[in-house]
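Okay, here's what each chain looks like letter by letter:
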Amino acid sequence: MKKLFLLSLALIGFTFSASSQNIADNAIGLRLGDSDGLGAEVSYQKALGLDNRLELDLGWRDGNNYSGFKLAGLYQWVMPLDGDFNWYVGAGGGIGSFNFDVPGGGDITDTFVFAAGDIGIEYSFDIPLLLSLDFRPEIGFGDDTYDNNDLDFDIALGIRYQF
């Protein structure tokens, strides 16, 4: 069983290295999704190799009765599908905080951390434009206000400028 596991791990590693490609050194733009109530996020991607990158996303909201932010960081493996289409998987986590002003007085405040996964598809145009669609499950750890240990699913459209 141990030999089968090691052989499988080696084959997966070979597949990732054999399908390497060039991805943009940097990309910056917006990730438009649910983001657990924070809406659009500013998104930055930095290549760490031919087929690996780091993605950082910052979402924030400020209104009359609500304010909050959420910062996510993910390590991603990028693999070619066909032509300029790629798919990617990743893992990471982040931190966030929010504050609700309760009508009639009082505040509800929570700071939390979360673990996240990521899987998506992207298309790199001939111009420096990258469009992506991804699915990000997250599990949060905070007070009961953040739904401690609750699984959240986020689907988002990414629009980024590559440079």
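Residues numbered from 1 in each chain as written. Predicted model: local features only at pLDDT ≥ 70, side-chain atom pairs only at ≥ 80, totals over all residues. Heavy atoms only, no water.

Focus on the layout of surface pockets
Spelled out, the test is: The distinction between a cavity and a pocket rests on a 1 Å grid over the protein atoms alone: a 1.4 Å probe fits inside a cavity but cannot get out, while a pocket stays open yet meets protein on both sides within 12 Å along at least five of seven lines, and a residue with an atom within 4 Å of a point counts as lining. Grid points are joined across faces, edges and corners, and a volume is the space filled by probe spheres set on the points. The helix and strand labels rest on DSSP assignments: H or I over at least four residues marks a helix, E over at least two residues marks a strand, and numbering proceeds from the N terminus. Under the grouping applied here, Gly and all other residues not named as nonpolar or charged are polar, the nonpolar ones being Ala, Val, Leu, Ile, Met, Phe, Trp, Tyr, Cys and Pro and the charged ones Asp, Glu, Lys and Arg.
One number sums up the size of the largest pocket: a volume of about 220 Å³. Lining the largest pocket are 17 residues, and of these N22, I23, N86, S124 and Q162 sit closest to its centre. Listed by contribution, the elements that provide at least two residues to the lining of the largest pocket are β1 (26-33), β2 (41-47) and β6 (107-124). Its residues assigned to classes, the lining of the largest pocket comprises five nonpolar, eight polar and four charged.

Describing the pairing of β2
The condition is simple: Here the term buried applies to any residue with accessible area under 20% of the maximum for its type, exposed to any over 50%, and partly exposed to those in between, with areas from a 1.4 Å probe on protein chains only. Pairing between two strands requires that DSSP report at least two bridges joining them.
Of the two faces of β2, only one is covered, namely that formed by E41, S43, Q45 and A47; the face formed by V42, Y44 and K46 stays uncovered. Sheet topology note: the β1/β2 ladder contains six bridges and is antiparallel. Opposite R31, over in β2, you have E41 as the bridge partner. Two elements, β2 and strand β3 (residues 52-62), share seven bridges in a ladder whose sense is antiparallel. Bridge assignment links V42 to a residue of β3, and that residue is L58. A loop of four residues connects β2 with β3, the two strands running antiparallel in sequence.

A few points about the sheet that holds strand β4 (residues 66-82)
Under the convention used in this document: The axes used here are C-alpha line fits, helices contributing only the stretch in contact, and every angle between their N-to-C directions lies in the interval 0 to 180 degrees.
One closed barrel holds the eight strands; their spatial order is β1-β2-β3-β4-β5-β6-β7-β8, and the pairing between them is antiparallel. Strand-to-strand, the axes of this sheet are offset by a mean angle of 25 degrees, without reference to chain direction.

A short note on the confidence of the model for the protein chain
Quick note on the threshold: Each residue gets a pLDDT score, which is the predictor's confidence in that residue and runs from 0 to 100.
Per-residue confidence for the protein chain gives a mean pLDDT of 84; residues scoring 70 or more make up 81%. The spread of mean pLDDT over the elements of the protein chain runs between helix α1 (residues 2-18), the lowest at 52, and β2, the highest at 96.

Details of the nonpolar core
Convention followed: Here, nonpolar core refers to any group of buried Ala, Val, Leu, Ile, Met, Phe, Trp, Tyr and Cys residues whose side-chain atoms link them within 4.5 Å.
Counting residues in each nonpolar core, the largest one holds eight residues, listed as L38, Y66, A72, L74, F98, F112, F114 and A116. Mapped onto this core, the elements with two or more residues apiece are β4 and β6.

Details of the environment of V102
To keep things clear, this is the line we draw: In what follows, a contact means two residues having at least one pair of non-hydrogen atoms within 4.5 Å.
Tracing the sequence through the fold places V102 in the loop between β5 (85-101) and β6. When its relative accessible area of 33% is taken as the criterion, V102 is described as partly exposed. It is 9.3 Å that separates the C-alpha atoms of V102 and Y66, two residues lying 36 residues apart in sequence. In this view, V102 contacts D107 and I108; residues no more than four positions away in its chain are not counted.

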